[in-house]
Amino acid sequence: MKYFVLVFFVLTSVFYTSQNSFTFPVIPLPNNYTITSGQFIISEKTSVYCSSENLKEQINYFNAFLKNNNQINLVATNESTRKNCIKVFWDKNQTSESYQLTINPENIIIKGDTTGIFYAFQTIIQLINSQTAKTIKLPGLFIYDKPAFKWRGMHLDVSRHFFSVDFVKRYIDFLAMYKLNTFHWHLTDDQGWRIEIKKYPKLTQIGAFRKGSMIGKYSDSNYDTINYGGFYTQNQIKEVVAYAQKKHITVVPEIEMPGHSQAAIAAYPWLSCSGKYQDVAKGWGVFEDVFCTKDSTINFLHHVLDEVVNLFPGKYIHIGGDECPKTRWKACANCQSLIKKQNLKDEHELQSYFIKQIEKYLNSKGKQIIGWDEILEGGLAPNAAVMSWRGMEGGIAAAKEKHFVVMSPGTHCYFDHYQSSPSDEPLAIGGFTPLEKVYDFNPIPQELNADEQKYILGAQANVWTEYILNEKQVEYMTMPRMAALAEVLWTMRVNKNETNFLIRLQDHFAKLDNLNLNYAKALYNVDYKVSPASQCKNLKLELSANNYLGDIYYTLDGSEPSEKSIKYTTSIELKKDILVKSALFKNHELKGKVVSRNYQINKATNKLPIFKYPPSKYYNKGGSFVLVNGETAKLPRINDQWLGWNGNDIEVVIDLEKPDEITSVEIGFLKEELNWIYLPKEITLLLSENGLEYKTVDTLFEKNIKNDRDCNFIVSKQQARFVKIIAKNHGKILSGKPGAGEDAWLFCDEIKIN
Ligand code: ACM
Ligand code: ZN
């Protein structure tokens, strides 16, 4: 089946290109389409006919696009039989959101419901792509199209960083271009309350501004002192909602509760358990001061939600529910007495009780709640929908309980994650979600039977903005991953094909250039993979990129690659220390960026490390080879270049296979104390001729470690075959530090022996 689909794609695109010299830059790919002969030309002479008054808005939208993009004014006509005419028919019989589009040399004919017709125009606009002339050529074709999923969403966090109304509208335009229909607006969090609430003006007077922000990496713990903030007035919110409505997009507001509520508490301290004053949070993460479950706080939330429901006409209100520490509730007389009164088991059931109260209130206003998957803990509210972010498991559990689900797992749908190797990207929160991974996402888990699968409404990607400081960076992190997500959600899985997507995407980039969009070109970055070469000491380096994107050229002498460099055809054997630079070229143009990797071939390279204690299964992705692969891991950390031990020491032996002269031993560790990763207390180097009796050469103590990435032992020319390193774990984390009382982690990336 897959093979058939691929052949179909290749044949149609070849036919298409040779017949009309058009490409087919439509994303998401329509579910049924046939390329026919001939072409239609839109010009000043083209007229537009519309069967029904209620389509005026769609026609005006398309007219405005043509006027702006091509200086073409379409002539309105009442004659449905006219030639050189774009004819739009409202078809009650089309199911919701579907459309038919016929383009032939005489006419363009569109049929659909109002949303379907809007999507037909989006398809045409994408076919126009980068044509800006006063005559537009469109290929002959027939499309019948409808979406695979109902909830096709994008989220935007405007709390950690704030974005203007104009940018929010531009973001909504991107969603509309890709036939996405849900904008999840994350309006409140610890670092800023962004929606005007008339009854509680301090929410925005105080809660919308913080006295500084975290700068750089979380682990650096650095802050600036710049007053930062902003909020949307209710009029601005209405303006955005109306704008989105015109683009057939529902805005789902998120009002976070009971956690992530420090900005509200800064405005009204009595909302928390202790009532103590708090600043709006300056740093990222999870905070312990959360909404108390007492009546006065619940009443406050009711009043806030009264205003929220009047601003957002959609069915769903997102109530957050994620990452709510229970520390304050455990020490709060009000919360504890509510647990007793309601006969609840613990604080998880208290959270569930809290959410159920909010649900009851919103249901009474004709709204449904949706919340992050933590709302499953302690029992789901009766009508709640679940947004599954900590993997798919929460969504699976909810669907089995017959609750609606939106899939948004961190693995595939977090667009704040890196999209290429972190060392080649601007600072991000972490993770690794390249374009191909997004494209491959399947919102329907295999664990669900056909009946349960019906509860999966669709999926969305989340754009958390701790490390996304400005609007250009939002564009960079979301594009083109949003295009890949759109195809996941619109195009049936059997019609999807990654190579075909990448071909269309490259044509589509011309449109993004026209929109002056700061999209990422990470898909063009060459991937590097080293593995043991057949000759024991050497490494085999494979470079890869999708063939359709261009050819790889590389250099081994430190110079910048060009089309005059070595063209990559087969793996490269690395025999000595070497810097490899490579890049992708297409049509004599450098695509993406030059990617450099440094390999140091040494006596440890490619030998098998033997561990006394195995690394943690969670930090062993690259296997023990990562310690001897010739590559020092780059920062920020990407986990498959590290091995991690939790609580244990590292005791490792490298067998050089024959006695050899040793002059130095280097080992790389990681220090990220905020993430519970500590340097070893001490490191001891031992050598042996026979692997039985070892001689201690030297011990390095933590306080003497100057460079954690390369702890260096100088050995005065000793013969040995076995090299043993013992690195002592830091032990329990001290009180007052993140992870206090827990076992520290020890992370190691490379051992070099010379
Ligand atoms: C989340 O990412 N905390 C929902
Ligand atoms: Zn309380």
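S.K.: Describe in detail the layout of surface pockets, supporting the description with residues and values.
M.R.: Size it by volume and the second largest pocket reaches roughly 920 Å³. Sorting the residues of the lining of the second largest pocket by element identifies α14 (435-439), α18 (498-514), β22 (527-532) and β28 (589-599) as the ones contributing at least two each. In terms of residues, the lining of the second largest pocket owes the most to one element, β22, which gives four residues. Its residues placed into classes, the lining of the second largest pocket shows 17 nonpolar, nine polar and 10 charged.

S.K.: Would you mind going over helix α16 (residues 471-478) in detail, with residue names and values included?
M.R.: Across the eight residues of α16, six count as buried, placing the element largely inside the fold. Looking only at α16, the buried set comprises Gln473, Val474, Glu475, Tyr476, Met477 and Thr478. Contacts from the buried residues of α16 go to β8 (151-157), α4 (165-177) and α17 (481-490). Sitting at the amino-terminal end of α16 is Asn470, which places a side-chain oxygen 3.3 Å from the backbone nitrogen of Lys472.

S.K.: An account of the confidence of the model for the protein is needed here, citing residue identities and associated values.
M.R.: Scored by pLDDT, the protein comes out at a mean of 93, with 96% of its residues at no less than 70. Within the model, pLDDT remains below 50 along residues 1-21, and this stretch shows 24 contacts once partners closer than five positions in the same chain are excluded.

S.K.: Give a description of the nonpolar core that names residues and reports values.
M.R.: Core analysis: the biggest nonpolar cluster contains 196 residues, and Ile42, Phe62, Tyr171 and Trp185 have the highest contact counts within it. Leave out the neighbours within four places in its chain, and Trp185 touches Leu156, Val158, Val168, Tyr232, Ile237, Val240, Val251, Val252, Pro253, Glu254 and Phe312.

S.K.: Requested: an account of the pattern of salt bridges, with residues and values cited.
M.R.: In this structure the tally under the stated criterion is 38 salt bridges. Glu44 is paired through a salt bridge with Lys134; the nearest N and O atoms lie 3.6 Å apart. With Glu44 in the loop between β1 (32-42) and β2 (47-50) and Lys134 in the loop between α3 (114-128) and β7 (136-145), this residue pair connects regions lying 90 residues apart in the sequence. When its relative accessible area of 44% is taken as the criterion, Lys134 is described as partly exposed. Residue Asp660 is joined to Lys603 by a salt bridge in which the shortest nitrogen-to-oxygen separation is 3.8 Å. Residue Asp660 is located in strand β31 (residues 650-669), and its partner Lys603 is located in the loop between β28 and β29 (609-611); the two are separated by 57 residues in the primary sequence. We classify Lys603 as partly exposed; its relative accessible area is 24%. One connected set of salt bridges, linked through shared partners, spans Asp157, Arg160, Asp189 and Glu466.

Cut-offs applied
Residues numbered from 1 in each chain as written. Chains lettered and ligands numbered in written order. Predicted model: local features only at pLDDT ≥ 70, side-chain atom pairs only at ≥ 80, totals over all residues. Heavy atoms only, no water. 1 Å grid on protein atoms, 1.4 Å probe; cavity = no way out; pocket = protein on both sides within 12 Å on 5 of 7 lines; lining within 4 Å. Points joined across faces, edges and corners; volume = space filled by probe spheres on them. Helix = DSSP H or I, 4+ residues; strand = E, 2+ residues; numbered from the N terminus. Nonpolar A, V, L, I, M, F, W, Y, C, P; charged D, E, K, R; others polar. Buried < 20%, exposed > 50% of the residue type's maximum accessible area, 1.4 Å probe, protein only. Contact = heavy atoms within 4.5 Å. Polar contact = N/O pair within 3.5 Å; in protein donor to acceptor, adjacent residues only side chain to side chain. pLDDT = per-residue confidence, 0-100. Core = buried A, V, L, I, M, F, W, Y, C linked by side-chain atoms within 4.5 Å. Salt bridge = Lys/Arg side-chain N within 4 Å of Asp/Glu carboxyl O.

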